[in-house]
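Coordinates in review
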Amino acid sequence: IDVDPSTPIEPQRNTRTVIDRDLVLQAEPYKGDTDDPDDYRCQIYDPELTETSWVQGYGIEADVTEVVHHGLVFKADATARAGADAMDAANPDIGWECTGLAGIPGVNQILSWAPGQDPTQLPSDTGIEMQPGDFLVMQLHYHYEPVFADLPPDRSTLIVDLADEATIEAAGGELDPIDLRIYLGPAEIPCSTDEVGPLCDRDAAIADLQSRSGTLGAIAANGLNAACGTTPADYADMTDGIASSTCTLPTQTGQIVSIWGHQHEIGKSVKMTLNPGTPGEKVLLDIPNWNFDWQLDYRPVEDIVLERGDVVQIDCTWDRSRIDDDAEPRYVLWAEGTDDEMCYFQIVTRPV
């Protein structure tokens, strides 16, 4: 910390974000199967709005926390409802399987949640507009292990804070919209020199990934390398148990509201830098000791405006010593499974 070493560190109290619970939308009880360790389940959460409303806060309250790995929330307008209902009806279980995103077209992601994350409270003059007939879809990723076989069904809850009339009137009848953008980097983590097994071969690991998650796994692994100008050969020498990746991407424009970084259980560190190597370089996010159970939204303490032409560099590092000792050695790739890995960031902005 860039302060005098003798500076005392005082804990902050009562800093958890609390939002108004105008809507409390609960899932239908769902329980997966340990034969499917990574289960992605979407359900419709209908706010049943009768007038134009503005969402100003939202959060996921996980129920069976032992198995809820992450949640994504998507906003959909009324034209997408028939498709969502059809997906729901075609699946004999609760909701529908939705590896990747929501599984239906015409939706926009508005929220990512992972363990440790508080509800999101947007600035008082911003919001997400919702019309009558609009609805929400939540994807929950459940990670089941044999030890969790006897857990009860999950009933995770989505809470929503709607802007009151005074807030809307103070903003001139319409709140500023927010823009959530996702920034992804490769995750290529070869086996260390003291690990041996058939899945240490990258092609075999890709085939295994496809058997678990379909073609999406290979597309993500290879596509992110292509987008970032790297190849698997760039990671081939990372065999001391530590692997890393970096990628530079163009940003959206607007004033930053919040920043979020995400890895899985063998993540070691994440970092996001605005306009690296320039006089205006600024570190936006730096978590040197990653912890999967401590994934917070971070808000700048100063105004930071992203402009046309700006870029961010995202850096991720992984530590294979964090893999369970009894796990089969394998080349770890970018995918949604808990035992796979990610280099995932998002920035939420508002118009300037």
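Structure first, text after, so check above.
Bear in mind the structure is a predicted one, so any value in this text is a computation, not a measurement.

**So, the overall build of the protein chain**
A count of helices and strands for the protein chain gives four helices and 21 strands. Taking 352 residues into account, the globule formula puts the C-alpha radius of gyration at 20 Å, and the protein chain, at 21 Å, falls close to it. Each principal axis of the C-alpha atoms in the protein chain carries an extent, and together these give about 65 × 60 × 40 Å. Look at the contacts in the protein chain between residues 6 or more apart in sequence, and 86% of them connect residues 24 or more apart. By element, 49% of the accessible surface of the protein chain is carried by carbon and sulfur atoms, the whole surface being about 17200 Å².

**Some details on empty space enclosed by the protein**
Rolled over the atoms, a probe as big as a water molecule pinpoints where empty space is left. Taken as a whole, this structure holds three cavities of 30 Å³ or more when the rule is applied. Of the volumes computed, that of the largest cavity is approximately 60 Å³. If one sorts the elements of the lining of the largest cavity by residue count, strand S6 (residues 107-113) sits on top with three residues. When its residues are assigned to classes, the lining of the largest cavity shows five nonpolar, five polar and one charged. The volume enclosed by the second largest cavity comes to roughly 40 Å³. Per-class residue counts for the lining of the second largest cavity are eight nonpolar, no polar and two charged.

**Examining the layout of surface pockets**
In this model, the second largest pocket occupies a volume close to 750 Å³. Contributing to the lining of the second largest pocket are 22 residues, with Gln12, Thr15, Trp294, Leu296 and Tyr298 lying nearest its centre. Per-class residue counts for the lining of the second largest pocket are nine nonpolar, seven polar and six charged.

**So, the sheet that holds strand S2 (residues 38-45)**
Whether parallel or antiparallel, the strands of a sheet pair through hydrogen bonds between backbone atoms. Spatial ordering of the open sheet is given by S5-S2-S9-S4-S6, a layout of five strands whose pairing is antiparallel. The sheet is open, and its two edges are formed by strand S5 (96-97) and S6, each paired on a single side. Inspection of the sheet shows S2 paired to S5 by two bridges, in the antiparallel sense. Bridge pairing links Cys42 to Trp96 in S5.

**Structural notes on the pattern of salt bridges**
The full count for this structure, using the stated rule, is eleven salt bridges. Arg21 serves as the salt-bridge partner of Glu61, at 2.7 Å between the closest nitrogen and oxygen. On the criterion of sequence distance, the pair formed by Glu61 in strand S3 (residues 53-61) and Arg21 in the segment before strand S1 (23-26) is long-range, its members being 40 residues apart. Using a relative accessible area of 31% as the deciding quantity, one classes Glu61 as partly exposed. Assessed through its relative accessible area of 45%, Arg21 is described here as partly exposed. A salt bridge links Arg330 to Asp340; its shortest N-O distance comes to 3.4 Å. Taken together, the positions of Arg330 in the loop between strand S19 (311-319) and strand S20 (332-333) and Asp340 in the loop between S20 and strand S21 (344-350) put the pair ten residues apart, joining distant regions of the chain. Each of the salt bridges in this network shares a partner with another, and the network as a whole consists of Asp46, Arg81 and Asp85.

**Structural notes on the packing of aromatic side chains**
Applying the stated criterion to the full structure yields three aromatic pairs. Arranged with centres 5.5 Å apart and planes meeting at 35°, the rings of Tyr30 and Tyr142 form a pair that is tilted. Highlighted residues: Tyr30 in the loop between S1 and S2 and Tyr142 in strand S9 (residues 135-143), separated in sequence by 112 residues. Judged on exposure class, the residue Tyr30 and its partner Tyr142 are both buried. Three or more aromatic residues joined by ring pairs make a cluster, and in this case those are Tyr30, Tyr142 and Tyr144. Here the basic side chain of Arg81 rests over the ring of Phe135, its NZ or CZ set 5.1 Å away from the ring centre.

**Quick notes on helix H3 (residues 202-213)**
Look at H3: 16 Å from first C-alpha to last across twelve residues, which is about the 16 Å you get at 1.5 Å a residue. Along H3, the residues classified as buried are Arg202, Ala205, Ile206 and Leu209. Seen from one end, H3 has its buried residues packed into an arc of 100°, which puts them on one side. Among the exposed residues of H3, those pointing more than 90 degrees away from its buried face are Asp203 and Ser211. With a side-chain oxygen lying 3.2 Å from the backbone nitrogen of Asp203, the N-terminal cap of H3 falls on Asp201.

Reading the values: the criteria
- Residues numbered from 1 in each chain as written.
- Predicted model: local features only at pLDDT ≥ 70, side-chain atom pairs only at ≥ 80, totals over all residues.
- Heavy atoms only, no water.
- Helix = DSSP H or I, 4+ residues; strand = E, 2+ residues; numbered from the N terminus.
- Rg over C-alpha atoms; globule rule 2.2 N^0.38 Å.
- Contact = heavy atoms within 4.5 Å.
- Areas by Shrake-Rupley, 256 points an atom, 1.4 Å probe, with all protein chains shown as cover.
- 1 Å grid on protein atoms, 1.4 Å probe; cavity = no way out; pocket = protein on both sides within 12 Å on 5 of 7 lines; lining within 4 Å.
- Points joined across faces, edges and corners; volume = space filled by probe spheres on them.
- Nonpolar A, V, L, I, M, F, W, Y, C, P; charged D, E, K, R; others polar.
- Pairing = 2+ DSSP bridges.
- Salt bridge = Lys/Arg side-chain N within 4 Å of Asp/Glu carboxyl O.
- Buried < 20%, exposed > 50% of the residue type's maximum accessible area, 1.4 Å probe, protein only.
- Phe/Tyr/Trp six-rings, centres within 6.5 Å; stacked < 30°, edge-to-face > 60°.
- Lys NZ or Arg CZ within 6 Å of the ring centre and 35° of its normal.
- Expected span 1.5 Å × (residues − 1).
- Arc of directions from axis to C-beta.
- Polar contact = N/O pair within 3.5 Å; in protein donor to acceptor, adjacent residues only side chain to side chain.

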